[in-house]
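Residue-level structural notes
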Amino acid sequence: MPEISKVVSSSDFDDWFSLNDTVMGGSSKAACRASSKGLSLEGVVVEEKGGFVSCKSPIFSPILNLSNYQGFELKIEGKGRTLKFGVSCKYEVFSLREFFLDKSPGGLRWVAEIETKRFGTTTIKVPFESLEPTVLAKKISLPIKFKSDAINQFQLLHSKFGRPGELNPGFKPGKINFVLQSISVY
């Protein structure tokens, strides 16, 4: 069994920032805050004209090469919310298709839904092969591959959209407070 290795833990969340639906005309408000417990996101999610709040990592430099691993393991106090974990990869400009996907306003993200327990910490494994490509919550059907050797950003969201192109069955507007304790790889 492969060993689990931490990629991001409580001491690594200082530079994460919030990105909410206000970027597209929504009115949700939430802020990210690093603490000894991890990264918390606290605020209010408003469904109309958007419906998402998130914490986003800075762009990694150098990029993360996780090609020796099979997936991510996240530890989250999600309070019963269904969250979405997003990963961005740096693509070389081999084709116009990859250039436009990487440079589009929402950017290409590889996402997975994460259902959390109502109480306590949820530990969930997200195999690389289960991540789905998306741009602005819409599924991408072009043949493009997840680049585990070129990861440049993470994002954790609570959104009315779950899997690409689908509504999140666990979406709950209103007050939100969750804590991302760590991101590891296995």
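Now for a quick tour of the structure. Just so it is clear, the structure is predicted and the values come from calculations on it, not from any experiment.

1. Here's the deal with the environment of Val44
For Val44, the location among the structural elements is in strand β4 (residues 38–45). Here Val44 falls in the partly exposed class, since its relative accessible area comes to 37%. Taking the C-alpha atoms as reference points, Val44 and Pro173, separated by 129 residues in sequence, lie 7.3 Å from one another. With residues up to four places along the chain from it excluded, the contact list for Val44 reads Ser28, Lys29, Val53, Gly174, Lys175 and Ile176.

2. Regarding the state of the cysteines
All told, the structure shown has one disulfide when counted by the stated rule. Across the disulfide, Cys32 is cross-linked to Cys55 (sulfur-sulfur distance 2.1 Å). Looking down the S-S bond of the Cys32 and Cys55 bridge, the torsion is -125°, so its handedness is left-handed. Pair noted here: Cys32 is in strand β3 (residues 29–35) and Cys55 is in strand β5 (residues 52–56), with a separation of 23 residues, a long-range link.

3. A few points about unusual backbone geometry
At the junction of Ser61 and Pro62, the peptide bond is cis and its omega measures out at 5° in the coordinates. Following the sequence through the fold, Pro62 ends up in the loop between β5 and β6 (71–77). Phi is positive for Lys79, close to 55°, though the residue is something other than glycine. With respect to the helices, strands and loops of the structure, Lys79 is situated in the loop between β6 and β7 (82–89).

Quick notes on the rules
- Residues numbered from 1 in each chain as written.
- Predicted model: local features only at pLDDT ≥ 70, side-chain atom pairs only at ≥ 80, totals over all residues.
- Heavy atoms only, no water.
- Helix = DSSP H or I, 4+ residues; strand = E, 2+ residues; numbered from the N terminus.
- Buried < 20%, exposed > 50% of the residue type's maximum accessible area, 1.4 Å probe, protein only.
- Contact = heavy atoms within 4.5 Å.
- Disulfide = S-S within 2.5 Å.

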